[in-house]
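# Residue-level structure breakdown
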Amino acid sequence: MRDSIFRYGCCQAAAVTVDITPVENMYHRMWGAALHDQAVGIHQPLEANLLLLQSSTGAQGESVLVVSLDHCLFWKRDLDSIKSIVVETTGFADDQIVVFFTHTHAAGLMDTTRGSLPGGDLIAPYLAEVADRLAVAATGLQERLCDVWLTGATGACSLAANRDLWDSKRQQFVCGYNPDGDADPTVMTIRITDLQGELIAVLVNYACHPTTLAWDNQLISPDYVGGMRQTLRHALGDIPIPFIQGASGDVGPREGFVGDVGVAEKNGRQLGLATLESLAAMPEEPAEFSYDGPVLSGATIGTWSYKPFTADRLKQFHNYRKVAGETKLPYREDLGTLEQTEADLDRLLEESEVEGQTTAQRRDQRALIERLQRKRTRFSDLTDASGYPYSIRGWQFGEIGLLAFNGEMYNILQTNLRSAFPDQALIVGTLADGSQCWYLPQSSSYGQGLYQEDASVIARGGLEQLCDATIELFKEG
């Protein structure tokens, strides 16, 4: 009889943290309800935490470069430009690089088409600088690869709460804390150590929208992710901490949508402490915790101890595989057209020039304009009229699995996938290379007037189709 709390993998790895904090007067507006355009300062630095994982064989083709980036997301054209520079500089193939946006809503919307807005002229130079810094850092990682142990543990944190709230007074759904809803508390923690036990990095995978800070906040911030990293580094030292956002389409912090950065720090401490609990439970050196037998005492005691892994199990930890596939997801029938969206946007822009509006009227109008601008962006990514060609990507190192999903999925995706693969420490990552398909709510959430459905291009059942296709692909692979 052996313990099944921890999962292990063996490979080569290297990690590094890169400061990507923009200037303090950068274009900052992310929220439709925000009345400001530019930031007025920095709350905490923005980071890119890079983690290169390569199979034990040392074959460069058997590797994945994970980039955890402190931004909400970049539009596809801007991210493609950044990745192309990293590819050209490092020699990695494009499909070996996956950018996981931590999804902070307090870093600003880095959209190069907003160059004419206050602070917008700083966006393009900033993104070019980010690309250069990532390329240099990624090149350096290849020279620092070493043999490592991956130790995975499943913990729990109550920070995340369901955010699909029914407002009975107004008879509508709003996006806010729903005390009666469910949220997956799973924190997937992956400790990465070299063969001498030296800590190289800690990867944290948790599902919770980083929406602590909202329209009243005017500071550039990584939201709760920054507080989580501060808590871990206070205990562990100055190490890279890649954070991978889980399936958080319908979950966010219980206390959120505020302007107080102290709340973001508190939320981050909560997640950081939950991660430290998982790390504290791990054995100092990877080993098999198994049953020894009874010892007679006042009671008959069942004793357990750590032992070296068997040769067969140790060999399994070195197994590497990459899975890749595609499923075509149907579009919503009520999606509308680009032409109508642009006409509605032009009308609102004309109305916004009317003088004498109250603050509330200005806020509401700016919010409606922002919604239509993003809807216009959604249309630009729809290149296949027959359906959305969704790429499924995954990597496995021993008992550690990594799945990369573009878009924002409802919480049920990660619970279903982990139920399907109970013998793995499964990292379910979303916002992988952005969000071209936008939201994927579960079927039961359609038809209720939820924001997530309005912001989605995919028809009812798309999330379940993606989940089934992923399970089938990952099992076959």
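See the structure shown above.
Now for a quick tour of the structure. For clarity, every value in this text was computed on a predicted model and none was experimentally measured.

## Quick look at the pattern of salt bridges
One pass over the structure, following the stated rule, counts 18 salt bridges. With its nearest N and O atoms 2.7 Å apart, the salt bridge here joins Glu-255 to Lys-266. In this pair, Glu-255 sits in the loop between β14 (251–253) and α4 (261–281) while Lys-266 sits in helix α4, placing the two residues 11 residues apart along the sequence. A single network of salt bridges, built from pairs that share partners, joins Glu-47, Asp-70, Arg-229, Arg-233 and Asp-238.

## Description of the nonpolar core
Of all hydrophobic cores here, the largest spans 45 residues; its most connected members are Leu-50, Leu-65, Leu-69 and Leu-134. Counting only elements with at least two residues in this core, the list comes to β1 (6–19), β3 (47–54), β4 (63–69), α1 (76–90), β5 (97–101) and α2 (123–143). For this core, the element with the most residues is α2, which contributes 10 residues. Residues in contact with Leu-65, not counting those within four places in the same chain, are Leu-50, Leu-51, Leu-52, Val-86, Phe-92, Gln-96, Ile-97, Val-98, Ala-138 and Leu-141.

## Overview of the packing of helix α8 (residues 412–420) against helix α10 (residues 462–476)
Two elements in contact, α8 and α10, have axes separated by 10 Å at closest approach and are oriented at 25°. By the angle between their axes, α8 is roughly parallel relative to α10. Between α8 and α10 the crossing geometry is right-handed. Residues Ile-412, Leu-413, Asn-416, Leu-417 and Ala-420 of α8 pack against Leu-463, Cys-467, Thr-470, Ile-471 and Lys-475 of α10.

## A look at unusual backbone geometry
The backbone phi angle of His-103 is positive, close to 85°, even though this residue is not glycine. Checked against the element boundaries, His-103 lands in the loop between β5 and α2. Looking at His-103, the relative accessible area reads 1%, which means it is buried. Non-glycine residue Trp-438 carries a positive phi angle of around 60°. Exposure remark for Trp-438: the relative accessible area of 6% places this residue in the buried category.

## Focus on the sheet that holds strand β13 (residues 243–245)
In any sheet, the strands associate via hydrogen bonds between backbone groups, in a parallel or an antiparallel arrangement. Taken in spatial order, the 8 strands of this open sheet run β5-β4-β3-β1-β6-β10-β11-β13, and their pairing is mixed. The strands lining the two open edges of the sheet, one partner per strand, are β5 and β13. Neighbour-to-neighbour, the strand axes of the sheet open up by a mean angle of 30°, direction not taken into account. Of the pairings in the sheet, the one linking β3 to β4 comprises 7 bridges and is antiparallel in character. Each bridged residue has a counterpart across the sheet, and for Leu-50 the counterpart in β4 is Val-67. This element, α4, spans β1, β6 (146–156), β10 (186–194), β11 (199–206) and β13 of the sheet and lies at about 55° to β10.

## What to know about the pairing of β11
With 7 of 8 residues buried, β11 is to be regarded as a mostly interior element. Examined bridge by bridge, β10 and β11 share 7 bridges and lie antiparallel to one another. Residue Ile-192 lies in a different strand from β11, and its bridge partner there is Ala-201. The turn linking β10 back onto β11 is made up of 4 residues, and Gly-197 within it adopts a positive phi angle of 90°. Here β11 pairs with β13 via 3 bridges, running parallel. Bridging across to β13, Val-204 finds its partner in Phe-243.

## Some thoughts on the side chain of Thr-470
Of note, Thr-470 is situated in helix α10. Apart from the residues within four sequence positions on either side, Thr-470 is in contact with Ile-392, Leu-403, Phe-405 and Leu-417.

## A closer look at the pairing of β5
With respect to burial, β5 is a largely interior element, 5 of its 5 residues being buried. Burial of β5 is two-sided: the residues Ile-97, Val-99 and Phe-101 facing one way and the residues Val-98 and Phe-100 facing the other way are all buried. Pairing geometry for β4 and β5, over 5 bridges, is parallel. Across the sheet, the residue bridging to Val-66 is Val-98, located in β5. Taking the sense of rotation as the criterion, the β-α-β connection linking β4, α1 and β5 turns out right-handed.

## Brief notes about the packing of aromatic side chains
A full pass over the atoms with the stated rule returns 20 aromatic pairs. Summarising the aromatic geometry, the rings of Tyr-8 and Phe-317 are spaced 5.7 Å apart at their centres and angled 55° between planes, so their arrangement reads as tilted. On the criterion of sequence distance, the pair formed by Tyr-8 in strand β1 and Phe-317 in helix α5 (residues 311–317) is long-range, its members being 309 residues apart. We note that Tyr-8, like Phe-317, is buried. Residues Tyr-439 and Tyr-451 carry aromatic rings whose centres are separated by 5.5 Å and whose planes lie at 75° to one another, so their mutual orientation is edge-to-face. Residue Tyr-439 is found in strand β22 (residues 439–440), and its partner Tyr-451 is found in helix α9 (residues 451–454); the two are separated by 12 residues along the sequence. Residue classification places Tyr-439 among the buried residues on the basis of a relative accessible area of 3%. Since its relative accessible area comes to 39%, Tyr-451 is described here as partly exposed.

Analysis parameters
Residues numbered from 1 in each chain as written. Predicted model: local features only at pLDDT ≥ 70, side-chain atom pairs only at ≥ 80, totals over all residues. Heavy atoms only, no water. Salt bridge = Lys/Arg side-chain N within 4 Å of Asp/Glu carboxyl O. Helix = DSSP H or I, 4+ residues; strand = E, 2+ residues; numbered from the N terminus. Core = buried A, V, L, I, M, F, W, Y, C linked by side-chain atoms within 4.5 Å. Buried < 20%, exposed > 50% of the residue type's maximum accessible area, 1.4 Å probe, protein only. Contact = heavy atoms within 4.5 Å. Axes fitted to C-alpha atoms, helices over the stretch in contact; angles between N-to-C directions. Parallel < 35°, antiparallel > 145°, perpendicular 65-115°, else oblique. Left-handed = near helix turned anticlockwise from the far one by under 90°. Pairing = 2+ DSSP bridges. Right-handed = clockwise from strand over helix to strand, strands pointing away. Phe/Tyr/Trp six-rings, centres within 6.5 Å; stacked < 30°, edge-to-face > 60°.

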